[in-house]
Amino acid sequence: MAPAAAGAHQQNCRSRGPRYIEPVLLGRGQESAIVASVLTAAREGHASGVVIVGEAGIGKSSLLAHAAAQADGMLVLEAGGVESESRLAWAGLHALFRTHEGAIHRLPPPQAAALRAALGLEDAALDGPFLVSAAVVTLVGTLAEERPVLLLVDDIQWLDRESLEALRFAMRRFDADRVAMVLACRSSESAAPDASDLGDDFRRVEVAPLDEAAVAEFLDTRVPLALDHRIRHRIIEAARGNPLALTELSAENAIATMERGSVPLATRLEQGFLRRAHALSEPARRLLVVAAANDSGDVREALAAGAAFGAGEAEVVEVERSRLVSVADGAIDFAHPLVRSAIYRDARPELRRAAHAALATATEPVDRLRATWHRAAATVRPDEAVARELEGLASSAQRRAAMQTSARAYRRAAELTEHVGQQVRCLTSAAEASWECGDTTAAATLVEEARGLARDDLAAARADHLRGLLEMNTGVLLEGFEILCTTVARVGVADPRLAATVLVDAYRAASFEGLDDRVRETAELAGRLGTDGEDAAGAFVAGVAALWLDDPDRATPLLAAVTERCRPSDEPGALCLSAMAALYTGDPGGALKDATRASVLARERGALSTLARALEIVSFADLATSLTRAESSAQEGLETARETRQNPSIAFHLGTLATIAAFRGDEAACKRWAGEVVDLTRRHGLAMPEARAIGALAVLDLGLGRPEPAMDRLERLFETTAHPVIRLSSAVDFVEAALRADRPDRATDVVRLVTGWARTSRTPSAAAIAARCAALVADGPDAERGFEQSLRLQEGQGESLDLARTHLLYGEHLRRVRRRADARPHLRAAWQVFERLGAVPWAERARAELRASGEAARSDRSAGPASLTPQERQIARLVAEGGTSKHVAAQLFLSPRTVDYHLRKVFTKTGISSRAQLRTLDLER
């Protein structure tokens, strides 16, 4: 959409916020008090939200009006969902922020560009909707710096999906912000979102019918008619405490024709509205249908389209006198959303289509996209020209990250074309857009339709790729794997590059499934593709498959080539591939650098799906050197994976959190996290994350001095998964547990495995682990040489759990052979690192050994950095590195005020008073 056309589009299709006038609320004391508490919290610097739920006419809008009237000193931003506008992406955000577009320039440039593109203020492409959501967080937080902000959104069941998701995303990230959000949702509307989907950040308030006393007062004070006792009783009985029903059923023209029986209340109200409409002249009735079909409410458009039915300004006056609509400021507003829906649904289908056709002609000069929607609504038979227009509309919406709008347009285009190939393409594109916006149910339905129609291999492969990803991430992992492998086999010759991309996803599924026969299948497919030497994706799969199948000599050069090709990239996906290759070759430092850079780029672009996967590697690689950093990354990754509905990633991050709790000796937390992993993985067939949970419980047992159950768990881990990185990262635990449980024979094969891996990977970290494992099973001088070699290989790599464990094991060995003086430096070094990293049971073990060697050690577990939460620590680290509040907020999808709030808590907990002093803190403690 060109900027000029976009501006016209937004001007004409604005989502109108209700023109609130404070009502006198009857019988709504509890609900009013809740709304008042939300406003008070916002004024005091605590963001909060409430969603008001109830049937049509129950008084939701009155409560929103009450909130607006009580918002003294607050900036009130208003929007209202309109049924016909729900397909117009970002219409809700435009309604909220249309008077504050000038503040967008204060946002970080990527966010500002994303929001301008979403609102149609400039022509630009977006990578995804999440950067727009992040921009909403920053913009509202920025406005709240000047005065508290109240966002009022009525009828969210008809708000466009993109805007609703952005508001939900923002509310989850507001904390110490002067922001209140009050939403209203119709409970009886089939399209209404479940208010629970909005998350725990919104308090749900059900608006109940008025009680008897409130009903009596309502009729006495609000109804200007003297009602007969019997009629009054019938009205009360029929209205069931609904204020709108009490008003409408009390109207003089409704009393005599009031129907008896069990007709739903909403239907009774609609019938009353329709009686008024049917009393109008034919041109006036048709003008009402045009207004109901229009998605802008613009009176000029209604008159231009109404002219085709003989309607003009006289008919506008006529329909306004009926009290069904009001006309002001160039807009036609229906008296209630039920009026609009009743008028539209009551109209004959041919009249609705004629109204849309007239609106298409009226809107063409100012907004071709809306004209296309109207033409599509007016079309019954296949029309290739309209189908092509809809494809163009869908593509334009996709560029603006309007995925829900894009999905609808592609779906309608598929319905209006007779060409099977185009139908498959449109249905697949609709499924991809639905997947991107998180509507996995719609995506699955659409992709099945596309797959059923596909006649050529490439079209089928595109559909099956998405079908496999859906099953892998939200269904049964093994079924997703089978779909992806079949897709690779079908498309390999026709499009090897596409096949390699699908193969990487198939490998990811195989690795999470955890069995080497699945990986062997991907290896065979990679070999048949023949892309090892020229394509990073193919080389990666071939390399990791060789490593799984105990062929490290072939694996190492392939994986090294992947890193060489992908590391210079600025694409987060390519950097994640490089990081994974580095992990497999025993280079956690390189993996951490690549994955960290991938996470930074993914945040900048709002690519949350990729961010969740990048943080898997960041947190895993950080485990060795900083439990606190690993925890911050895993917590963020878990939230992000849940946001993007990626079950394998959710399970991975849960496993990392379980491992962190295990090293800290927090048995309750470890078992809780591990239990969540097991529950999730067993539902979806994720053996590898389950193995990680088992490994975390083994580390917990080992740290707490329970080697026998630790050994049992580790043997189960090796039976559960053949994943080489998981096995190798647990190898030291396995060898130590076997020796401490007096089962040294079980350690031999694992030592051989680690030694072979170190020989081919040629990295110091892998060689250090192998030397330590060999030292554990050796005696006399051989053991000492192994420990010394391991320590030498870890020189210059900084403090880590691995280094501390090597010192601990070496010190224990020396003390056992009665070389207590030689043991003390190693035991002291181990204790100090464990103590600093918060590995409590390991620190206690080292301290006990040190005491047994003849040296006392006093624990220093003071507060300060150790008491910081993961989010506080993450913010402190970024600020210590030189980030401003605004920069840190953009990185973490928070508002600057929330960053400052957490920073003040950091100052209080650590006893410092300036940002400069953050650099002096030991944030890894």
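All figures in this text were calculated on a predicted structure; none of them were measured in a lab. (Residues numbered from 1 in each chain as written. Predicted model: local features only at pLDDT ≥ 70, side-chain atom pairs only at ≥ 80, totals over all residues. Heavy atoms only, no water.)

### What to know about the environment of Ala658
Here's step 1: Along the chain, the position of Ala658 falls in helix H33 (residues 647-664).
Here's step 2: Taking relative accessible area as the criterion, Ala658 reaches 0% and is therefore assigned buried.
Here's step 3: Ignoring sequence-local partners within four residues, the contact set of Ala658 consists of Cys670, Trp673, Ala674 and Ala696. (Helix = DSSP H or I, 4+ residues; strand = E, 2+ residues; numbered from the N terminus. Buried < 20%, exposed > 50% of the residue type's maximum accessible area, 1.4 Å probe, protein only. Contact = heavy atoms within 4.5 Å.)

### So, the nonpolar core
Here's step 1: If you look at the biggest cluster of nonpolar residues, it comprises 190 residues, and the most contacted ones within it are Trp90, Leu93, Phe540 and Phe834.
Here's step 2: The next biggest cluster of nonpolar side chains, apart from the first, holds 47 residues, and it includes Val215, Ile235, Leu246 and Phe334. (Core = buried A, V, L, I, M, F, W, Y, C linked by side-chain atoms within 4.5 Å.)

### Side note on the sheet that holds strand E4 (residues 179-186)
Here's step 1: A sheet is described by the order of its strands in space; here five strands give the open sequence E2-E3-E4-E1-E5, paired in parallel fashion. Each of the sheet's edge strands pairs with one partner strand only, and the pair in question is strand E2 (75-80) and strand E5 (202-206). Strand-to-strand twist of the sheet, defined as the mean angle between neighbouring strand axes without regard to direction, takes the value 15°.
Here's step 2: Where strand E3 (residues 149-154) and E4 come together, five bridges link them in parallel fashion. Its bridge partner lying in E4, Val149 is registered against Val179. (Pairing = 2+ DSSP bridges. Axes fitted to C-alpha atoms, helices over the stretch in contact; angles between N-to-C directions.)

### Points about a negative patch on the surface
Here's step 1: Together, Asp516, Asp517, Asp550 and Asp551 make up a negatively charged patch on the protein surface.
Here's step 2: Among the secondary structure elements, Asp516 is positioned in helix H26 (residues 516-529).
Here's step 3: A relative accessible area of 31% places Asp516 in the partly exposed class. (Patch = residues over 30% accessible without salt bridge, like charges linked within 9 Å, V, L, I, M, F, W, Y side chains within 5 Å. Areas by Shrake-Rupley, 256 points an atom, 1.4 Å probe, with all protein chains shown as cover. Salt bridge = Lys/Arg side-chain N within 4 Å of Asp/Glu carboxyl O. Lys, Arg positive; Asp, Glu negative; His and termini not counted. Charge placed at Lys NZ, Arg CZ, Asp CG, Glu CD.)

### Considering the pattern of salt bridges
Here's step 1: Evaluation of the coordinates by the stated rule reveals 60 salt bridges.
Here's step 2: Arg805 serves as the salt-bridge partner of Glu736, at 3.1 Å between the closest nitrogen and oxygen. Of this pair, Glu736 sits in helix H38 (residues 731-740) while Arg805 sits in helix H42 (residues 801-816), and the two are 69 residues apart along the sequence. As far as the burial class goes, Glu736 and Arg805 line up, both buried.
Here's step 3: A salt bridge links Arg847 to Glu844, with the nearest nitrogen and oxygen atoms 3.1 Å apart. Of this pair, Arg847 and Glu844 both sit in helix H44 (residues 840-852), three residues apart, roughly one helical turn.
Here's step 4: Given a relative accessible area of 19%, Arg847 falls into the buried group.
Here's step 5: Overall, Glu844 belongs to the partly exposed group, its relative accessible area being 30%.
Here's step 6: In this structure, a network of salt bridges that share partners links the residues Arg161, Glu165, Arg168, Arg172, Arg173, Glu639 and Glu643.

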